[in-house]
Amino acid sequence: MHLDFQPIIESRMHDPFSLLGRHPLGEGKCRFHTYQPQAEQVKILGTQGQWHKLTADADYPGVFFGFFAEDALPFHPVLEIETAEHHKYQITDPYSFGPVLGELDLYLFGEGKHYDLWKVLGAHVITIDDVAGVKFAVWAPNASRVSVVGDFNNWDGRRHPMRSRISSGVWELFIPGLSAGDFYKFEIKNRDTQATSVRTDPFGRSFELRPNTAAKVVSDEAFQWTDQFWFKARGQRDWMHAPMNVYEVHLGSWKLTDKQFPTYAELAEQLIPYVKDRGYTHIELLPITEHPFDGSWGYQTTGYFAPTSRFGTPEQFKEFVNKAHESGIGIILDWVPAHFPRDEFALARFDGTALYEHEDPRRGEHRDWGTLIFNYGRKEVSNFLIASALYWLEEMHLDGLRVDAVASMLYLDYSREHGDWLPNAYGGRENLEAIDFLRALNHVTQSRNPGALMMAEESTAWPLVSRPPEVGGLGFALKWNMGWMNDTLKYFQEDPINRQYHHNNLTFGLLYTFTENFVLPFSHDEVVHGKGSLLNKMPGDEWQKFANLRLLLAYQCAYPGKKLLFMGCEFGQGNEWNHAKQLDWWMLEYKLHQGISQLSSALNHLYKNEVALHYHDFEDCGFSWNDCNDRQNSVISFFRHAKGQNILTILNFTPVVRRNYKIGIPNTDQLKIVFNSDEPVYGGSGTALELTHHKDSPYNGQSAHIELTLPPLGALMIRLN
C-alpha cells in the first residue's frame, strides 16, 4: 500500500483526514500516520498504557507511522513528541475526531438563514468524548487547503490542515488541548493561484491588541447577566411615545486615564453615572467592533463579532452593558455593514477571491473611502451580517444598532462618476440586493428582540425608511433627520441680521417631519474635518456664541423627534473633536461652559418629564404652529401637545430684546414658564420677561394672548394648564 504524503508536506492537501490519523486495514488491524515536521521522535500511547515508537517515513520527512491491532490503540490516540532540542510534549491526535458541524447548520448557512451563525463558525471551546479542546470552522469555498495556525504549532500551516465540508465551502477542525486564551489565525491556499495568505477569523470574538491581529479563543461559559428586569420592561415599552435622548460617545476620547485608553470597567464607573445624572436615556457608541486603525474611529471594521480589545475583554464589555441597564440606560452600537477595509489580514479577498465583496470594482469598491462593499446578494454574506447584528443584540444585550451609511448601500451610483457604476436588472440605480438585505435585517433583528431599535443614518429622501416592508418601507424603527440638521446648522451659522432671509430653513422641515420616525442628530460628523465645534459654528462675539448654542440646544429639545448629541457638545467644547485626545473637560472651570452644561442637563430632564415634549414625536397631532411667519423679527413659536398638556415654545433668533411681544394662545387659567435659556445660571443676560396674560382677548387666530419680553437669542417654554 502506497500513500502519497507529498500534498501534506507541501500544504496543498484538501482532505488530510484521508491520510492522517487512525485508519482500519481489515482483519482487526489498523494503520496510524501523523505529520510532525518539528519532531525528532514520536511515540503513541497504547490501550494498555505502553508507549510505541512510531517509524519515521524515509520518503516523507516529518511523517511518522505504525501498524497495530485495532484494539491496541485507543480511539483518540495520545502522542508524545520529542523535538531535535529534546523538548517533549504530548498531544491528542486531532485527526481521530469526526466532523464537528451538523448538516443542518451547513444547510441553513447555505440558505442564508443561520441566524445563530456565531455559535457554529469561529472558535469554540468544547469537549468531545471527554477530550477538551477547541473546534474551529471557517468559510473559504475557493481554497484548496485551510489550516489553523497559532502559538500552539509555531504558526506552521502544515501541522493542522482542516477538513473540507465540500458542498458548503466550510472548513473545520477540532484541536484537543487548546483552551480559552489561545491566539490563532487561518492559513488559506487559493485553489486556482496556489497563493497562500494568513487571515484572522471573521467570526473572532476577541483579538490581540492592535497592531497585532490574531483572534483569541474565548470561553463560551455564560455571563451572569442581572438585567432581566430591563429586558422585560423594554419589551413592553411603548418606545414611539417614550422619551429618547441619546449621548453619542467615542470611548477612546471621552476621558483618558494617564493618557491611556479607559477600560470598560472605568467607563462603567464614570460614563454611566454621568449620563444618568444628566438625564440621557441611551448611550450610542461609535463603533467598538474591532478595528486596526484608531483614526477610522471604528468605521473600518475587521472584527464584526468582537468588542475592541483597546478597552478590555468581551466579558468586561458585557459588564459595562449590564451596569448601564441596572442604571436604566440603554446601549446602542454604531454598526457598519456598508463597507469594510482592504487590510490583507481580514475580509478582503478572504480566500483569494472576492468572497465577501463584489469582484467588479464598479460594485465592489467605495471610491471615497478606499474600502470594499459587501456582496449583499450572496446568501452567506447577508447571513454573516445579520448574524453579526444579532450577536450584538442577543449575546451582548445591546438595545439597538445605528446602521451607518445606509444611503451608500441603497444607490449603485453613490458618489460615482458616470460610467463607473453598473445598473440593476431593471436598468435603475437602486441596489435591489441591499434593499432586500436591509428589510431582512430589520425584520429578523426586531422580531427576535422586542424593543430593540434599528436606526438608519440615511441622508437622502429615500421614502419609507422607518416604515414596514409590507407598505414598501425598509423596516427601520428610526431614521436620522439629516435634512433638519443641515438646515438648522446652516441657519444658525448665519449672522442674526441675515437670518430673516433664511427663515424657511426653520420652517421647511415641518413639511416632512412626520413622514418618518426621526432622530434629531448633532453627531460627531458635525464637529470634525474642519467643521469646527458646535460652539464655534455660532456667529458673533463670545456671549452671542454661547447664547446661540443655548438657543440651538433648546430648539432641538422642543422640536418633534428623538434627540442625539455628541459628547462635548453638552458643555460647549470649544475645539473641534480630536479622536486622539480626551474632551476639554478643563473648560468646565469657566462660567459660560458651566452654563451650557447646566442648560443641556436641564433640557434633558425637561424633555423626559414633560409629556408634551416627547409623547407625539412622530405624530402631527403633537405639534402645531403658533406663528411661523415672523420673518422680520426672526421669531418662531409653536405648541407641543399630548394628553391634555401643552407646551408653547418661543424662539428669538436675534440678539435684540423684543419687548411687549404679543403671542396668541388658547384660553387657559394658568401659565408657567418651565424653561428660559437666558437665565443667568446658564450664562444668559437675565432679561426680565415681564409677562402679561390677556384672557379672552383674541390675537392671531387664538382666543387669548400674552405680552412678554423675548430675551436676546433666547428660548422660552411655557406650560399652559
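Here's what I pulled together on the structure shown here. Every value quoted in this text rests on a predicted model; they were computed, and no experiment measured them.

What counts and how
- Residues numbered from 1 in each chain as written.
- Predicted model: local features only at pLDDT ≥ 70, side-chain atom pairs only at ≥ 80, totals over all residues.
- Heavy atoms only, no water.
- Helix = DSSP H or I, 4+ residues; strand = E, 2+ residues; numbered from the N terminus.
- Buried < 20%, exposed > 50% of the residue type's maximum accessible area, 1.4 Å probe, protein only.
- Contact = heavy atoms within 4.5 Å.
- Areas by Shrake-Rupley, 256 points an atom, 1.4 Å probe, with all protein chains shown as cover.
- Salt bridge = Lys/Arg side-chain N within 4 Å of Asp/Glu carboxyl O.
- Core = buried A, V, L, I, M, F, W, Y, C linked by side-chain atoms within 4.5 Å.
- Pairing = 2+ DSSP bridges.
- Axes fitted to C-alpha atoms, helices over the stretch in contact; angles between N-to-C directions.
- Phe/Tyr/Trp six-rings, centres within 6.5 Å; stacked < 30°, edge-to-face > 60°.
- Lys NZ or Arg CZ within 6 Å of the ring centre and 35° of its normal.
- Polar contact = N/O pair within 3.5 Å; in protein donor to acceptor, adjacent residues only side chain to side chain.
- Parallel < 35°, antiparallel > 145°, perpendicular 65-115°, else oblique.
- Left-handed = near helix turned anticlockwise from the far one by under 90°.
- Nonpolar A, V, L, I, M, F, W, Y, C, P; charged D, E, K, R; others polar.

Observations regarding the overall build of the protein chain
If you tally the helices and strands in the protein chain, you get 15 helices and 36 strands. Taking the principal axes of the C-alpha coordinates as reference, the protein chain spans close to 110 × 55 × 45 Å. Burial analysis of the protein chain (721 residues in total) assigns 60% to the buried set. Counting only contacts in the protein chain whose residues sit at least 6 apart along the sequence, the fraction spanning at least 24 positions is 70%. Accessible surface, the protein chain as shown: approximately 27900 Å² in total, 49% of it carbon and sulfur.

Examining the environment of Leu-535
Residue placement: Leu-535 occurs in helix H13 (residues 534-537). Accessibility expressed as a relative area gives 5% for Leu-535, which makes it buried. Once the C-alpha coordinates of Leu-535 and Gln-573 are considered, the two residues, 38 residues apart in sequence, prove to be 6.9 Å apart. Once you skip the residues sitting within four places of it in the chain, Leu-535 turns out to touch Lys-545, Phe-546, Leu-549, Gly-572, Gln-573, Gly-574 and His-593.

Some details on the pattern of salt bridges
For the structure on display, the rule yields 31 salt bridges. When the shortest N-O distance is used, the salt bridge between Asp-399 and Arg-234 registers 2.9 Å. With a gap of 165 residues between them, Asp-399 in the loop between helix H8 (379-395) and strand S24 (400-403) and Arg-234 in helix H3 (residues 228-236) connect regions that are remote in the sequence. Across the salt bridge formed by Lys-479 and Glu-458, the nearest N and O atoms sit 2.9 Å from each other. Remark: Glu-458 occurs in the loop between strand S25 (453-456) and strand S26 (478-480) and Lys-479 occurs in strand S26; sequence separation between them is 21 residues. Each of the two residues, Lys-479 as well as Glu-458, counts as buried. Here the residues in one salt-bridge network are Arg-342, Glu-365, Arg-367, Arg-416 and Asp-420, joined through shared partners.

Re the nonpolar core
Counting 193 residues, the largest nonpolar core has Phe-136, Tyr-247 and Phe-320 as its most contacted members. What Phe-320 contacts, discounting residues up to four positions off in sequence, is Tyr-264, Leu-267, Ala-268, Leu-271, Ile-272, Leu-285 and Ile-331. Of all hydrophobic cores here, the second largest spans 15 residues; its members include Phe-639, Tyr-661, Leu-710 and Leu-720.

Comments concerning the sheet that holds strand S32 (residues 658-665)
Read across the sheet, three strands follow the order S32-S35-S34 without closing on themselves; strand pairing throughout is antiparallel. Of all the strands in the sheet, the pair left with one neighbour each is S32 and strand S34 (692-694). When the angles between neighbouring strand axes are averaged without regard to direction, this sheet yields 20°. As defined by bridge partners, S32 adjoins strand S35 (residues 704-710) across six bridges and the pair is classed as antiparallel. Within the sheet, the bridge partner assigned to Gly-664 lies in S35 and is His-705.

What to know about the packing of aromatic side chains
Across all of its chains, the model carries 54 aromatic pairs by this definition. Here Trp-586 and Tyr-590 contribute two aromatic rings whose centre-to-centre distance is 6.4 Å and whose plane-to-plane angle is 85°, an arrangement assigned as edge-to-face. A relative accessible area of 46% places Trp-586 in the partly exposed class. Over the aromatic face of Trp-480 sits the side chain of Arg-402, whose NZ or CZ is 4.2 Å from the ring centroid.

Overview of the sheet that holds strand S28 (residues 562-566)
Spatially, eight strands are ordered S17-S18-S21-S24-S25-S26-S27-S28 in a closed barrel, and the strand pairing comes out parallel. Mean inter-strand twist for the sheet, computed between neighbouring axes without regard to direction, equals 25°. Judged from the four bridges that link them, strand S17 (residues 245-249) and strand S18 (residues 282-285) form a sheet pairing that is parallel. Each residue of the ladder has a partner; that of Val-246, found in S18, is His-282. Where helix H11 (residues 482-492) meets the sheet, its contacts fall on S26 and strand S27 (518-522), and the angle it forms with S27 comes to roughly 40°.

Here we look at unusual backbone geometry
A cis amide bond links Arg-210 with the next residue in sequence, Pro-211, at an omega value of 15°. With respect to the secondary-structure elements, Pro-211 resides in the loop between strand S15 (196-199) and strand S16 (215-216). Here Ser-415, not a glycine, exhibits a phi torsion of approximately 55°, which is positive. Within the fold, Ser-415 resides in the loop between helix H9 (406-410) and helix H10 (432-448). In this structure, Asp-696 is a non-glycine residue whose phi angle is positive, near 50°. Within the fold, Asp-696 resides in the loop between S34 and S35. For Asp-696, a relative accessible area of 60% puts it in the exposed group.

Observations regarding the pairing of S25
Remember that side chains alternate between the two faces of the sheet whenever the strand is regular. Of the two faces of S25, the one carrying Leu-453 and Met-455 and the one carrying Met-454 and Ala-456 are both buried. Pairing of S24 with S25, which is carried by four bridges, proceeds in the parallel orientation. Along S25, the bridge assignment pairs Leu-401 with Met-454. Judged from the two bridges that link them, S25 and S26 form a sheet pairing that is parallel. Of the residues in S26, the one forming a bridge with Ala-456 is Lys-479.

Concerning the pairing of strand S30 (residues 635-642)
In terms of burial, S30 is a largely internal element, eight of the eight residues being buried. On S30, burial covers both faces: Val-635, Ser-637, Phe-639 and His-641 on one face and Ile-636, Phe-638, Arg-640 and Ala-642 on the other are all buried. Turn length for the strand S29 (residues 623-630)-S30 hairpin, with the two strands adjacent in sequence and antiparallel, is four residues, and the turn residue Ser-634 shows positive phi of about 55°. One ladder, built from eight bridges, connects S30 with strand S31 (residues 645-652); its direction is antiparallel. In the strand pairing of S31, Ala-642 is matched with Gln-645. Where S30 folds back on S31, the antiparallel hairpin that results is connected by two residues, among which Lys-643 adopts a positive phi of roughly 50°.

Focus on the environment of Asn-721
Along the chain, Asn-721 falls in the segment after strand S36 (715-720). A relative accessible area of 48% means that Asn-721 is categorised as partly exposed. For the pair Asn-721 and Leu-671, spaced 50 residues apart in the sequence, the C-alpha separation amounts to 6.4 Å. Setting aside chain neighbours within four positions, we find Asn-721 in contact with Thr-668, Asp-669 and Gln-670.

Concerning the side chain of Glu-457
Topologically, Glu-457 is positioned in the loop between S25 and S26. Residue class for Glu-457 comes out buried when judged on its relative accessible area of 12%. Reaching out from Glu-457, the side chain makes a polar contact with the backbone nitrogen of Ala-405 at a distance of 2.8 Å. Excluding residues that lie within four positions of it along the chain, Glu-457 makes contacts with Arg-402, Val-403, Asp-404, Ala-405, Val-406, Ala-407, Trp-480, Met-482 and Asp-525.

Looking at the packing of H8 against H10
Close contact between H8 and H10 brings their axes to 10 Å; oriented N to C, the two are set at 30°. Taken together, the axes of H8 and H10 are roughly parallel relative to one another. Every pair of crossing elements has a handedness; the one defined by H8 and H10 is right-handed. Side by side, H8 and H10 meet where Ser-382, Leu-385, Ile-386, Ala-389, Leu-390, Leu-393 and Glu-394 of the first sit next to Phe-437, Ala-440, Leu-441, Val-444, Thr-445 and Arg-448 of the second. Tallied by class, the residues present in the contact of H8 with H10 amount to nine nonpolar, two polar and two charged.

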